[in-house]
Amino acid sequence: MMVRLNRLLPIRLATARSLAPILMAAKETVISGRVVVKARSRAERDSLLRLAPQVLDELNVKQLVFTDADEFAWPGYVSVVEGDYLAAVATELTPELADEGLARELVHRLQMMRKQAGFDIADYIQTYYQGGSITQRVMEKFGPYIRQETLSTALTAGPPPEGAYVETHRTV
């Protein structure tokens with residue numbers, strides 16, 4: 001078997017490693033769906049574009065935007081500069097992002113409840129929930145994601161059956 005490595009791979013990895021500190025600094029302030037980045041060269045920009053799915057996932061953003069500016073002062077953004085790098089993130093929290101954040105929080109709480117109830121990591125569960133209109137909307141909108149992440153066979157609005165493991169949390 002012959003394995004051929006892309007000769008540019010070490011360069012791309014080095015570029016990714018050099019960009020990591022500034023992107024991680026930006027991650028600390030990300031609450032919106034967009035991050036603006038200034039790369040030092042066309043090669044770094046191209047590397048970021050190739051790595052965009054991983055960068056977007058790691059920073060939990062939806063969009064990667066590039067700038068050539070040395071300083072960044074758009075209203076509604078916060079920026080950080082480190083050496084030749086610049087990263088800025090939008091600080092607007094849209095209703096869609098708030099709902100997505102609540103869905104992630106619900107998944108986190110359900111995972112903690114699974115652990116407290118003594119379920120095995122591969123056990124499937126039935127999830128019952130009670131909440132206001134916001135919780136109802138999020139459960140409906142993000143139901144497939146919540147079911148997948150928590151191994152819930154069903155998400156049922158209403159009280160759980162007698163004898164079920166129960167915890168009470170305030171979400172909104």
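See the structure shown above.
Residues numbered from 1 in each chain as written. Predicted model: local features only at pLDDT ≥ 70, side-chain atom pairs only at ≥ 80, totals over all residues. Heavy atoms only, no water.

Draft legend 1. Geometry of the pattern of salt bridges. A full pass over the atoms with the stated rule returns 4 salt bridges. Put simply, Arg104 and Glu100 hold a salt bridge, and the shortest N to O gap is 3.2 Å. In this pair, Arg104 and Glu100 both sit in helix H4 (residues 95–117), 4 residues apart, roughly one turn of the helix. Using a relative accessible area of 15% as the deciding quantity, one classes Glu100 as buried. When the shortest N-O distance is used, the salt bridge between Arg109 and Glu105 registers 2.8 Å. Of this pair, Arg109 and Glu105 both sit in helix H4, 4 residues apart, which is roughly one turn of that helix. (Salt bridge = Lys/Arg side-chain N within 4 Å of Asp/Glu carboxyl O. Helix = DSSP H or I, 4+ residues; strand = E, 2+ residues; numbered from the N terminus. Buried < 20%, exposed > 50% of the residue type's maximum accessible area, 1.4 Å probe, protein only.)

Draft legend 2. A look at the pairing of strand S3 (residues 77–82). Bridge analysis of S3 against strand S4 (residues 85–90) gives 6 bridges, and the strand direction is antiparallel. When the sheet's bridge partners are listed, Val80 is paired in S4 with Ala87. The antiparallel pairing of S3 with S4 creates a hairpin that spans 2 residues between the two strands, and Gly83 there sits at a positive phi of about 60 degrees. (Pairing = 2+ DSSP bridges.)

Draft legend 3. Representation of helix H6 (residues 143–150) in the model. Of all the residues in H6, the buried ones are Gly143, Ile146 and Thr150. End-on, the buried residues of H6 take up no more than an arc of 70 degrees, which puts them together on one face. In this structure, the buried residues of H6 make contact with H4, strand S5 (125–129), helix H5 (133–141) and strand S6 (152–157). Backbone geometry just after H6 places Leu151 at a positive phi near 55 degrees. (Arc of directions from axis to C-beta. Contact = heavy atoms within 4.5 Å.)

Draft legend 4. A look at the layout of surface pockets. Looking at the largest pocket, its volume works out to about 800 Å³. As for the largest pocket, its lining consists of 31 residues, and the residues nearest its centre are Leu110, Met113, Tyr128, Tyr129 and Glu167. At the level of secondary structure, the elements contributing two or more residues to the lining of the largest pocket comprise H4, S5 and H5. Partitioned by chemical class, the residues of the lining of the largest pocket number 16 nonpolar, 11 polar and 4 charged. (1 Å grid on protein atoms, 1.4 Å probe; cavity = no way out; pocket = protein on both sides within 12 Å on 5 of 7 lines; lining within 4 Å. Points joined across faces, edges and corners; volume = space filled by probe spheres on them. Nonpolar A, V, L, I, M, F, W, Y, C, P; charged D, E, K, R; others polar.)

Draft legend 5. Summary view of the packing of H4 against H6. Closest axis-to-axis distance for the H4/H6 pair is 10 Å, and the angle between their directions is 25 degrees. Classified by the angle their axes make, H4 and H6 are roughly parallel. H6 is crossed by H4, and the crossing has right-handed handedness. Of the residues in H6, those touching H4 at Ala103, Arg104, Val107, Leu110, Gln111 and Arg114 are Tyr145, Ile146, Glu149 and Thr150. Of the residues that constitute the contact of H4 with H6, the class distribution is 5 nonpolar, 2 polar and 3 charged. (Axes fitted to C-alpha atoms, helices over the stretch in contact; angles between N-to-C directions. Parallel < 35°, antiparallel > 145°, perpendicular 65-115°, else oblique. Left-handed = near helix turned anticlockwise from the far one by under 90°.)

Draft legend 6. Highlighting the sheet that holds strand S2 (residues 63–66). Taken together, the 4 strands give an open sheet; going across it, the order is S2-S1-S4-S3, and neighbouring strands pair in mixed fashion. Looking at which strands have only one partner, the edges of the open sheet turn out to be S2 and S3. The average undirected angle you get between the axes of adjacent strands in this sheet is 20 degrees. On top of the sheet, helix H2 (residues 42–50) reaches strand S1 (34–38), S2 and S4; it is set at about 170 degrees to S2, its chief contact.

Draft legend 7. Representation of the nonpolar core in the model. Core analysis: the biggest nonpolar cluster contains 12 residues, these being Leu102, Ala103, Leu106, Val107, Leu110, Met113, Tyr129, Val138, Met139, Phe142, Ile146 and Leu155. Counting residues per element, the ones that place at least two in this core are H4 and H5. The leading source of residues in this core is H4, at 6 residues. Sequence-distant contacts of Met113, that is, excluding residues within four places in its chain, are made with Tyr165, Val166, Glu167 and His169. (Core = buried A, V, L, I, M, F, W, Y, C linked by side-chain atoms within 4.5 Å.)

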